[in-house]
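Here is what each chain is made of, one letter per residue.
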Amino acid sequence: MRNIRKWLSLTLILALCVSAVPAFAEQSVTFTEAPYLTSLGIYGDVNDRLPKAEDVMVEDAAYLTIGQYGGELKRSAGGGNWDAGKPIEEGLFRFTVTGEIEPNVAKGYEVSEDATVYTIHLREGMKWSDGEPFTAEDCVWFYNTICLNSVDGKGIRNCHKDANGDPAVVEKVDDTTFTVTFNVPKYDFIEALTVDLKWHYAPKHIFEELAQAVIEGREADALALGKAICGTEFSDVAKMGKEMLYYFWNYPGIPTLNPYVLSTEEGKNSIKGEYYEFVRNPYYWKVDTAGQQLPYMDKIIYTTVSNVDQQLMLLLDGTVDLQTVAMESIPTILESQTAINIYEWSGSDWGNVPTQLHLNLNADDAHLRELFNNADFRQGLSICVDREEFASLYSDGWLKGGQAAPQPGTMGYSEAWATKWTEYDVEKAKGLFESAGLAMGSDGFYDFADGTDFVLNIVSVADNGAADTYKILEPYFRAAGIKCTFKDSDRSNIDNDLMANAVEAMLYPVTGIGDVSIILKPNSMVPGYATNVAWYGTMDETTATGDLLKLIELKKQVDVTSDPDARNEIALQMLKLHEENMWTLGYVEASPTYHAVNARIKNFPEDGVWSDIYRDMGIAHAQCWYIGE
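Presented here is an overview of the structure given in this document.

Some words on helix α17 (residues 466–479)
- Taking 1.5 Å of rise per residue, the 14 residues of α17 would be expected to cover 20 Å, and the 20 Å separating its terminal C-alpha atoms lies within 8% of that figure.
- In α17, a bend of some 30° at leucine 473 exceeds every other bend along the element, and proline 475, a proline, comes one to four places later.
- Looking at α17, one finds that the buried residues are Ala466, Thr469, Tyr470, Ile472, Leu473, Glu474, Tyr476 and Phe477.
- Residues of α17 that are buried sit in contact with β16 (357–359), α13 (375–383), α14 (387–395), β19 (456–461), β20 (484–489) and β21 (505–507).

Structure representation (structure tokens):
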């Protein structure tokens, strides 16, 4: 926990100016490239493909060593979405492995004294992966055309809204400069941008015609243009926009700024296939301290697998180089014939997310809404489970029982919270159910007071293991008089149900509660900041009451507070509301995240924090990994 204490207590400090320190200030410097690119002979001089020398980004973190070119990173995946995206995404700014924000695609920024105008500076001479110039126009157009018109299905992100909810104004200054202006101070824009939007750009030269067709309502034209760009037929423009402009790395033919882009070669270009490849971007804009253009490896190749056991087998026989693994798999991995290193990263979740139970506090059904908002009912569901027995069955004895609460060393942690409502007492649980308004029916299960049946309908995403977890959990609920059902379905269906407020309860939520900062990423902890959080459903400030409304009001107070210490004090008040109310339940303690990495892979960081804020594997900077003895 040495580093996590530092990272999780970071305050949002208003920096007046941040810029990268160039390592190559002379235009006469000569950069080198991978032999693979030289052998192709089609891209010209590497010095012409990089930004001008003083604007090239140099990867110079202290833990890195100079690497060597060549080879492939072999991975397994379930196919698509963030599996391939997070390790290679490139935002305007990024988190380092020590949890600090630094310039990335942007080379720096300035902020006005009143924190209303941010001036973003880009790197001169950067190019998209197809060789076309990347300029401020791509950033400004993305916001004004894609975001303001919700062409990507996401619309205006919270980072671009001021404390009153008004959107920012984004304007181009010149080819390497643009401004973001707010009506009132936005003290945490850079931090929020790094978490919330990530890239803030799209290739205008590819999407301009398509976006205009969408905005004008010419759906057929837009769908035809989408197919022409990436070869995929989409059912509607909403799905197309989200896939091509949000999950863009998953489609061939879309230029990116990432170190690797999806192959356009038939048989290797579909993330829904059994095998696909991400190949090096010849116009990638980063180098190592020796002037070698990154990335080191030529490809990242993916073999699609159907279950965890298959992933482990491929790791053990050397077919796969990298896998995030469960604690109980480590002894088997260490005994394998393949040399594999285990890296332990600290976690940020409030307890074990696969055993988190989320009740929709904004359920459409009035009976359920009243019941779920009753603390006695939530406490009953918590204490009717023998956590130690449950945890032993769930993890084969590797984990202990726990609660949905911050981990030791993180902001808001307290032993009282970590152990709240964890005693096992079925009779007390029944008393709590009855005080919450339930009445025992003739069938031995609780009904609502008016005699109507009460059923706890639990859902989850298929193939994530929740079905097996439910089989362990359900007997405890049944023994306490709670009748349950369980259904799992495709992630896209779950997403649609969450947005439609059709989820009543969820095991292993899409977005688990907790992260490294309730300020930086309130999505899973404050109603109204995300659409895929099951515990508050579609609740926002118009439907929240009591402490839930107070939670939202405190977040708004944070947004208009400039003093870092005062912001932290407000954050602690927000966390205290969670402790007092226990809106989400957990049954198993959180464990560190373990990465099993083939020993041939070098420059993988030993320390890290596994967090969506830090982009999970994204802070490991895969462009710096290389194959060595």
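Re the pattern of salt bridges
- Counting across every chain of the model gives 35 salt bridges.
- Between glutamate 233 and lysine 227 there is a salt bridge, and its shortest N-O distance comes to 2.8 Å.
- When its relative accessible area of 64% is taken as the criterion, glutamate 233 is described as exposed.
- What emerges from the salt-bridge pattern is a single network uniting Lys86, Glu89, Lys521, Asp612, Arg615 and Asp616.

A short note on empty space enclosed by the protein
- Applying the stated criterion to the full structure yields 6 cavities of 30 Å³ or more.
- Considering the residues around the largest cavity, the lining is formed by 19 residues, among which Glu89, Gly91, Arg94, Arg615 and Gly618 are closest to the centre.
- Counting residues per element, the lining of the largest cavity draws most heavily on strand β4 (residues 93–95), at 3 residues.
- What lines the second largest cavity is a set of 14 residues, among which Trp350, Met411, Asp515, Val516 and Ser517 lie closest to the centre.

Considerations on unusual backbone geometry
- Following leucine 294, the chain continues to proline 295 via a peptide bond in cis, the omega torsion being 5°.
- Its location among the elements puts proline 295 in the loop between β12 (286–287) and β13 (299–304).
- One non-glycine residue, tyrosine 508, lies in the positive phi region at around 55°.
- By relative accessible area, which is 26% here, tyrosine 508 ends up partly exposed.
- The residue methionine 582 is not glycine, and still its phi comes out positive at about 50°.

Comments concerning the packing of α13 against helix α16 (residues 426–435)
- The geometry of α13 relative to α16 is characterised by a closest axis approach of 8 Å and an angle of 160° between their N-to-C directions. In this view, α13 runs roughly antiparallel relative to α16, as classed from their interaxial angle. The interaxial crossing formed by α13 with α16 has left-handed handedness. In contact with Asp376, Phe377, Gln379, Gly380, Leu381 and Ile383 of α13, α16 contributes Val426, Lys428, Ala429, Leu432, Phe433 and Ser435.
- Here the contact of α13 with α16 is composed, by residue class, of 7 nonpolar, 3 polar and 2 charged.

Digging into the packing of helix α5 (residues 136–147) against helix α7 (residues 204–215)
- Packing of α5 against α7 leaves a shortest axis separation of 11 Å and a crossing angle of 15°. Between α5 and α7, the angle is such that the two are roughly parallel. Considering only the axes of α5 and α7, their crossing is left-handed. Residues Glu137, Asp138, Trp141, Thr145 and Ile146 of α5 pack against Lys204, Phe207, Glu208, Ala211 and Ile215 of α7.
- Within the contact of α5 with α7, the residues separate by chemical class into 5 nonpolar, 1 polar and 4 charged.

Reading the values: the criteria
- Residues numbered from 1 in each chain as written.
- Predicted model: local features only at pLDDT ≥ 70, side-chain atom pairs only at ≥ 80, totals over all residues.
- Heavy atoms only, no water.
- Helix = DSSP H or I, 4+ residues; strand = E, 2+ residues; numbered from the N terminus.
- Expected span 1.5 Å × (residues − 1).
- Bend = angle between axes of the 7 residues up to and from the residue.
- Buried < 20%, exposed > 50% of the residue type's maximum accessible area, 1.4 Å probe, protein only.
- Contact = heavy atoms within 4.5 Å.
- Salt bridge = Lys/Arg side-chain N within 4 Å of Asp/Glu carboxyl O.
- 1 Å grid on protein atoms, 1.4 Å probe; cavity = no way out; pocket = protein on both sides within 12 Å on 5 of 7 lines; lining within 4 Å.
- Points joined across faces, edges and corners; volume = space filled by probe spheres on them.
- Axes fitted to C-alpha atoms, helices over the stretch in contact; angles between N-to-C directions.
- Parallel < 35°, antiparallel > 145°, perpendicular 65-115°, else oblique.
- Left-handed = near helix turned anticlockwise from the far one by under 90°.
- Nonpolar A, V, L, I, M, F, W, Y, C, P; charged D, E, K, R; others polar.

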